[in-house]
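What follows is each chain in one-letter form.
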Amino acid sequence: MSTVVSAASITPVVNLDPKLCGDLLGVIKEGRIVNLSNDQLCNLKLATLSAAAAHGFSFPQWSPLSVPDASDMYVKMISANRAPRSVAREPDYANAKRIAQQASAENNLSFYTASVPVEGEWTTKNSSLTPTHANVRDLTFVSMELRRCSRLRDTISSPYYASFEGPDMKVAIPTNSDTSGAELTLWKGKPYLIGITYKWEPEGPSHSAIVVMLNNLWFSSGSERFDAALSGATKCMYRIEK
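Residues numbered from 1 in each chain as written. Predicted model: local features only at pLDDT ≥ 70, side-chain atom pairs only at ≥ 80, totals over all residues. Heavy atoms only, no water.

Caption draft 1: Examining helix H1 (residues 18–30) more closely. For H1, built from 13 residues, the straight-helix expectation of 18 Å at 1.5 Å per residue is met to within 8% by its first-to-last C-alpha distance of 18 Å. Turning to H1, its buried residues are Leu20, Cys21, Asp23, Leu24, Leu25, Gly26, Val27 and Ile28. (Helix = DSSP H or I, 4+ residues; strand = E, 2+ residues; numbered from the N terminus. Expected span 1.5 Å × (residues − 1). Buried < 20%, exposed > 50% of the residue type's maximum accessible area, 1.4 Å probe, protein only.)

This is how it looks when you write it as structure tokens:
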């Protein structure tokens, strides 16, 4: 059933956890997402919401990360996300460097780091980390973000994440789930990603729409065919049309 807010309809598309998805709907309402312009959507940071408006969601404590060369760090993050046995096409590292160099030249690129607890199938076989409690380990996440919306938003999924076993960033944790372009958040101590379309897409002559999606994030130990990696699945999705 759709909810009407400020002449916009909010329709649930995926609702696998009513309490979690209900809190996400609260964020949509409290954050006045339906009233945001394209420019506001592109620059939106849910972490600036008050605790009451965040409806049980919290956000990692990000600290600025100084990097000698932004383009080299971007390439390191892309490489970190790629599983050793990935069959996906090799990333275009040269193009990635060019994009990062352009954003850096425009003073529009920042890096941050935070410790994030991740639940999963942790074993000594796939990691040297020790559990903090019951199959949960603290990973070091690095976030690369555009400081402000620009045409680069079409070429850089901001924020772009990579994760590592520790703050020295020597051992990468690859991912088989798209973790970028969404905001990393915590709900009941577990990590999730809230993704919001960064601009209204035309739907006919008089309507436009965006999608708000929430994915979980956990660690899979892998198998004979698949590498150990971060994984995720969509738990909630809303379509907003106005």
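Caption draft 2: Layout of the confidence of the model for the protein chain. Residues of the protein chain with pLDDT of at least 70 account for 88%, and the chain-wide mean is 87. Strand E1 (residues 3–5) is the least confidently modelled element of the protein chain, averaging 63 in pLDDT, while strand E4 (residues 63–64) averages 97, the highest of any element. (pLDDT = per-residue confidence, 0-100.)

Caption draft 3: Expanded view of the packing of aromatic side chains. According to the stated counting rule, one finds 3 aromatic pairs in the structure shown. Each ring, one from Trp62 and one from Tyr161, has its centre 6.0 Å from the other, and the planes form 20 degrees; the classification is stacked. Remark: Tyr161 occurs in strand E7 (residues 160–164) and Trp62 occurs in the loop between strand E3 (57–58) and E4; sequence separation between them is 99 residues. In this structure Trp62 comes out as partly exposed when scored by relative accessible area, which is 26%. Plain terms: the ring middles of Trp187 and Tyr192 are 6.3 Å apart, the flat faces sit at 85 degrees to each other, and that makes the pair edge-to-face. Each member of the pair Trp187 and Tyr192 is classed as buried. (Phe/Tyr/Trp six-rings, centres within 6.5 Å; stacked < 30°, edge-to-face > 60°.)

Caption draft 4: Spatial organisation of the state of the cysteines. With the rule as written, the count across this model stands at 2 disulfides. Residue Cys21 pairs covalently with Cys236 via a disulfide, S to S 2.1 Å. Residues Cys21 and Cys236 are joined through a disulfide that is left-handed, its torsion about the S-S bond being -90 degrees. One end of the pair, Cys21, is in helix H1; the other, Cys236, is in strand E15 (residues 234–241), and 215 residues separate them in sequence. The same class applies to Cys21 and to Cys236, which are both buried. (Disulfide = S-S within 2.5 Å.)

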